[in-house]
Amino acid sequence: MEFNEDVSLDTSQVQDMRGSGGGGVGGRVAAGGGGLGIVGLIIYFLLSQFGGGTGGGVPLSTDNVQRDQQVSASDLSEQCRTGKDANTNHDCALVAVINSIQGYWTDEFARSNVTYKEAPTNFFSGSVNTACGGATADVGPFYCPGDGEVYIDLTFFQELQSRFGATGGTFVEAYVLAHEYGHHVQNLLGTSNRVGRETGPTSGSVRLELQADCYAGVWANHATTAPTGASGKPLIRNISEEDIANALDAASRIGDDFIQENLGGGTVDESQFSHGSSAQRQKWFNQGLRNGDPAQCNTFDTDNLG
């Protein structure tokens, strides 16, 4: 994955809370869909179920990831100026991805004469307070409908490789972020309100997550042409076949069945599905990637989820 070097980055779309403490966790963040709490990427329900709480089961490390060229909170706006910085600096690459995702959805909403409301992504370390409650890095990346913001402890990307066995890479991280912004789109459109706390292979929770995967694929389809910022130029220059393969690999490792079998008790229980199977997550990401049309991501009006 490569970025166009002469396109400006907009760091105002990222709130870097690392080093600020992030705020103590004053009450656990609510789990579930439909605007009731986290609709994050990690299978929060399963981790809690197998471990008796977010602190057990498959805990995610809260240690800082030692990434080359990671910048401090105070330096983010200074060091992340253009796509050239995104090609050499991990944090700047994430800023570029966020700019691209929101640039696409801004343009897509405008086509329907609707105004897209930008949502900041919050980089935090260890713990954070949100309108949905307090959360720790154990929860993984998530979108809070209460404040309309995305939250991520960047250590998750290391855990995705070390615990889940994913290949990793910048485009995998882009898939994760695009998925969370898919939840923001659902919130803006009112789709999240259709979902309660139910689980199961055809539950609203699963449909919501698979649609977010499809929306991530839609963005990927348009990533090299999506206009960003005042220049209206695309930030992303190239996405390779290897990038796509790595994203599909990641999708397969965060399916309910994979997590239950490999990181849980070893038995697959479809009644506890909340995000969809590995095959379903791959299918719906591919669906969006292949056709590039958000209208083809209607997981709520089909009996065939894959």
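This text goes with the structure placed above it.
The sections below set out a description of the structure shown in this document.

Parameters and conventions
- Residues numbered from 1 in each chain as written.
- Predicted model: local features only at pLDDT ≥ 70, side-chain atom pairs only at ≥ 80, totals over all residues.
- Heavy atoms only, no water.
- Helix = DSSP H or I, 4+ residues; strand = E, 2+ residues; numbered from the N terminus.
- Buried < 20%, exposed > 50% of the residue type's maximum accessible area, 1.4 Å probe, protein only.
- Salt bridge = Lys/Arg side-chain N within 4 Å of Asp/Glu carboxyl O.
- Axes fitted to C-alpha atoms, helices over the stretch in contact; angles between N-to-C directions.
- Parallel < 35°, antiparallel > 145°, perpendicular 65-115°, else oblique.
- Left-handed = near helix turned anticlockwise from the far one by under 90°.
- Contact = heavy atoms within 4.5 Å.
- Disulfide = S-S within 2.5 Å.
- Pairing = 2+ DSSP bridges.
- Nonpolar A, V, L, I, M, F, W, Y, C, P; charged D, E, K, R; others polar.

**Let's talk about unusual backbone geometry**
- Of note, the phi angle at Asn113 is positive, near 60°, even though the residue is not glycine.
- Looking at the element boundaries, Asn113 is found in the loop between helix 4 (90-111) and strand 3 (121-123).
- Residue class for Asn113 comes out exposed when judged on its relative accessible area of 76%.

**Regarding the pattern of salt bridges**
- Tallied over the full model, the rule gives seven salt bridges.
- Here Asp91 makes a salt bridge to Arg18, at a shortest N to O gap of 2.9 Å. Remark: Arg18 occurs in the loop between strand 2 (14-16) and helix 1 (44-51) and Asp91 occurs in helix 4; sequence separation between them is 73 residues. Neither residue differs from the other here; Asp91 and Arg18 are each classed as buried.
- Connected through shared salt-bridge partners, Asp16, Arg18 and Asp91 make up one network.

**A few points about the packing of helix 6 (residues 170-189) against helix 8 (residues 241-253)**
- Remark: helix 6 packs on helix 8, axes separated minimally by 8 Å, with the N-to-C direction vectors making an angle of 55°. Relative to helix 8, the element helix 6 lies oblique. Like other packed secondary-structure pairs, helix 6 and helix 8 cross with a definite hand, here right-handed. When helix 6 is examined against helix 8, the residues Phe171, Val172 and Tyr175 are found in contact with a partner set consisting of Asp243, Ile244, Asn246, Ala247, Ala250 and Ala251.

**A few points about the state of the cysteines**
- By the definition in use, this model includes three disulfides.
- Each sulfur of the disulfide joining Cys132 and Cys144 lies 2.1 Å from the other. Between Cys132 and Cys144 the disulfide shows an S-S torsion of about 100°. By sign, it is right-handed. Here Cys132, found in the loop between strand 4 (127-130) and strand 5 (133-136), pairs with Cys144, found in strand 6 (residues 142-144); they are 12 residues apart in sequence, far enough to count as distant.
- When its relative accessible area of 12% is taken as the criterion, Cys132 is described as buried.
- By relative accessible area, which is 0% here, Cys144 ends up buried.

**What to know about the pairing of strand 5**
- Here strand 4 runs beside strand 5; their pairing, made up of four bridges, is antiparallel. From the neighbouring strand, Val128 faces strand 5, where its bridge partner is Ala135.

**Side note on the packing of helix 4 against helix 6**
- Direction vectors running N to C along helix 4 and helix 6 enclose 35°, while the axes themselves pass 10 Å from each other. When you trace helix 4 past helix 6, the crossing you get is right-handed. Judged by residue contacts, His90, Ala93, Leu94, Val97, Ile98, Ile101, Gln102, Trp105 and Phe109 of helix 4 engage Thr170, Glu173, Ala174, Leu177, Ala178, Tyr181, Val185, Leu188 and Leu189 from helix 6.
- Taken together, the residues of the contact of helix 4 with helix 6 break down into 14 nonpolar, three polar and one charged.

**A few points about the sheet that holds strand 2**
- The sheet built from four strands is open, its strands ordered 2-3-7-6 with mixed pairing. One side of each edge strand has no neighbouring strand; the edge strands of this open sheet are strand 2 and strand 6. Averaged over all pairs of adjacent strands, the angle between their axes in this sheet comes to 25°, without regard to strand direction.
- Summarising the sheet, strand 6 and strand 7 (residues 149-152) pair through three bridges and their orientation is antiparallel.

Taken by themselves, the reported measurements are silent on function.
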